[in-house]
Amino acid sequence: MRSLIISLLISGFLLLCSEEGISQNLALESDTTNKVVRIVRFVGNDNVKDNTLKTLIRTQTNREFLGIPRFTPWYFIWQLTKSLGEPPSYLNRATVANDIERIKQYYKTVGFLEASVDTNIVEFKKDRVEVSFLIDEGPAFSINTLAYTGLPEFDNPKKITRFLHDSPLTKDQLNDSTFIVNQRYSENQLNVERNRIINFLKNNGFASAQRDSVNLLVKRDTANSKQLDALFTINAGKKYRFGDLYISLSGPGDSLNYNQRDTLRSAPFTINNKSIFLEKGAAAQTKFQLLTNQILFKPGDVFDQSLYLRTVNEFQNLGMLNIRQFGLSEDGSLPDYSKDEIPVMFSLQTLPRHSVNLNLFGMKRYGFGSGAGITYTNNNLFGKAENFQIGVNGSFEYVRSQTVRDIASDADTSSKSYDGRFFQSFETRAEYSLPRLIFPFASLDKNIFFSNGRTRYSLSFTRSNQLLFDINSDIRFNLRYEVQHNQRYSSFLDLIELDLLDTDPSPEFQNALENRFGENSFQLQQVLEDFRPQVSSIIRYTFRSQRTDLIKRDRGYFSEYSIATGGNIPYLTDRFIITPDTLEGNLPAIIPGSQNSLAYSRFAKGTADYRRYIPLSDDAVFGYRGFLGLALPYGESTTIPLNQRFYAGGANDIRGWDIYSLGPGGIPLDDVTINGGQIKLMSQVELRQQVIGNFLSANWIAAFFADAGNVWYGPRTELSTSNLQDPQQISETQRQQLLELGRFRFDEFYKQIAVGSGLGLRLDWEYVIIRFDFAFRIHNLQRGWFNDSKPYFSFGIGHSF
């Protein structure tokens, strides 16, 4: 072992000397030339992709538009102006030499231990060069067996056995500590295994375990020189216990002077006569119980780093304090491993308890508008990190007369004129949340997969008038449980969501329908039926998985899946409370002064939303999205509540159509009688390319996009004639024809896919993105393919998906 370490030190010294010699020789000649790198090629890389190697090297061409080879418009602009655009990327021979070493080292990490790399630089045009990296990969080495020695003994012998079998490298077991691997040598995988061993030791008392506590020895197999046998040698050190725990909490403006103290020295908080020392300042306004509830380990117990780090995370998730300092010593300094116990300390500071935020925002739906809101927040209401918010928002939107006429003319063929109008909305919202799960899920709060939980109550009231409909009142109550399982996965359970919605068609829309179809027409009465006051209840589970920056969306993915059932609380109320043993199909009015009964529907609903972002180069991204939504009524219900249906169109949906204006199916817009649908299909693709960097502190990104999709009626949808004075106004044949045009059919739906496409511009600041899109209706369901040349403008905040 000693001779191996000495040989490694000598080899490292010789390698360092050789690198210094190389750098000195390169320094004797001019490193940077006046030759522009126009092409970078890789030859012989059969097992490693070009894009992977490009990320390793520093020898680069100028930025290529959309990754198209030698298409470098910014460099051409510089050639014309000598000031704008991007300066040429000159050849630097020292950089090329370093690139060779980087490629060789990478090949060694993926199993090609004898790979060699050379370069060939060709001046194919005056001062224009092609740099080729010539790679001889050599044979791929593989790990035949992997063994472990030096693992400590535990009271439970199965602990070591389970740990070894949980390794992604180990397969069949040869003996107690040796396993068959038969995989290509991978330095990354071996480093992951080394870290897994270190974490295992730290989580089982061996707090002093470090990287040098686990060494890897590799030798060639005597029968096959391309196969390797690997051995992890482990020096665990001694076993430790948690010592005393010190927690201090100061208020927002406090110094480190504390006037309240407490000490805990017995079960269930500690064992082995260890103590928890608590102290806080006068302005902390927090109960000691809140702090002790976050502690996941017991002073005096065997040291477990995972519990220590999860406790740090528990404090962070409270949302009402900052962690000033934490560490494995009484004062936060480096741990002292000479003793048998390791004390732990946390120095915390509460955030200001009260805050008021004023928000101003812009908006665009049918027109442009603006709004403002004010929110009061108390982030520690009763001293146990309860968060309470109450806010009021108001907005207005001006819709031009031309837009009003365009929308109304879809239903009104008369020559009536329409004036531009202001539309207003008002919302007030109160929210109370706890940084933990409560009944009936309180027992899950200590489970590692559910430790980052939050319970949220919310109540809101909304009124607004819009171009197509007015919301007289929308009262919503929600009880939601939220869990951030880890950085990638999160879950949301809406255990109770009650919504009381009272809407009316807008005067413009209702007048247009009356002028187009008649005052007692089937079409008008069907819309009025849809807009009846209604009550709905939902229980919904949503699972989210993501590996992307939700602002930039330049790599990775985002996915969200939900399943819900609705209408059961109104149904049970109707069935067993209001009129026992009799099913009325609606509930009596509960809004003071209202004479309208409340309709409800029972339904099941599911959605799937997947988005992927693929970098094409450092400045170009290709993104795509697929969405599927299905909502089906069951029981006696034949329709879905208005606010639970799927809609198509809008700046964040199928661009080229206004929100709510597309579908269902192939029904012409002037014949639509039921807004929204029960089935939705949508796909979106977008190609983004940065064209200007850091201008006005923003990156300017050009985009090409295409959106496709629609909504449809479900198999149980019916058109009601119960409100007609004369149900014979529409024949059964006409009613079925209208339904069939909007109903989803496997042999027809692809003909009813609307397609919009166009160009856009994004201004990308660090924390916000402003989006401008101009879309064209490539497939207009009423006019056909490529028969609508009118551009449709949309504005949004953030990427469309």
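If you're wondering where the values come from, they're calculated on a predicted model, not measured in any experiment.

Caption draft 1: Region of interest: the sheet that holds strand β10 (residues 260-264). Taken in spatial order, the 5 strands of this open sheet run β10-β11-β9-β13-β12, and their pairing is mixed. The open sheet terminates on both sides in strands that have one partner only, identified here as β10 and β12 (321-327). In this sheet, neighbouring strand axes are inclined to one another by 15° on average, regardless of whether the strands run parallel or antiparallel. Direction of pairing for strand β9 (residues 241-250) relative to strand β13 (residues 341-350): parallel, over a ladder of 8 bridges. Residue pairing across strands places Phe242 opposite Ile342, the latter belonging to β13. Packing of helix α8 (residues 305-317) onto the sheet brings it into contact with β9, β12 and β13, and relative to β12 it is tilted by some 160°.

Caption draft 2: Fine view of the pairing of strand β5 (residues 142-149). Within β5, 7 of the 8 residues are buried, which leaves the element mostly enclosed by the surrounding structure. Both β5 and strand β6 (residues 178-184) contribute to a ladder of 5 bridges, which runs antiparallel. The residue of β6 that forms the bridge with Ser142 is Arg184. Here 7 bridges tie β5 to strand β8 (residues 227-234), and the two strands are oriented parallel to one another. Of the residues in β8, the one forming a bridge with Ile143 is Leu228.

Caption draft 3: Expanded view of the nonpolar core. Leu245, Ile247, Phe315, Val344, Phe346 and Leu348 are the most contacted members of the largest nonpolar core, which totals 28 residues. For this core, the elements supplying multiple residues, two or more each, are β9, β11 (276-280), α7 (288-293), α8 and β13. Setting aside residues no more than four positions away along its own chain, Phe315 makes contact with Ile247, Leu291, Gln294, Ile295, Leu321, Ile323, Phe346 and Leu348. Judged by nonpolar contacts, the second largest core, of 26 residues, contains Val181, Ala209, Ile234 and Ala236.

Caption draft 4: A look at the environment of Ala230. Mapped onto the elements of the fold, Ala230 is located in strand β8. A relative accessible area of 4% places Ala230 in the buried class. On a C-alpha basis, the gap between Ala230 and Asn144 in space is 7.9 Å, while along the polypeptide they are 86 residues apart. In this view, Ala230 contacts Ile143, Thr145, Leu146, Ala147, Leu216, Leu217 and Val218; residues no more than four positions away in its chain are not counted.

Cut-offs used in this document
Residues numbered from 1 in each chain as written. Predicted model: local features only at pLDDT ≥ 70, side-chain atom pairs only at ≥ 80, totals over all residues. Heavy atoms only, no water. Pairing = 2+ DSSP bridges. Helix = DSSP H or I, 4+ residues; strand = E, 2+ residues; numbered from the N terminus. Axes fitted to C-alpha atoms, helices over the stretch in contact; angles between N-to-C directions. Contact = heavy atoms within 4.5 Å. Buried < 20%, exposed > 50% of the residue type's maximum accessible area, 1.4 Å probe, protein only. Core = buried A, V, L, I, M, F, W, Y, C linked by side-chain atoms within 4.5 Å.

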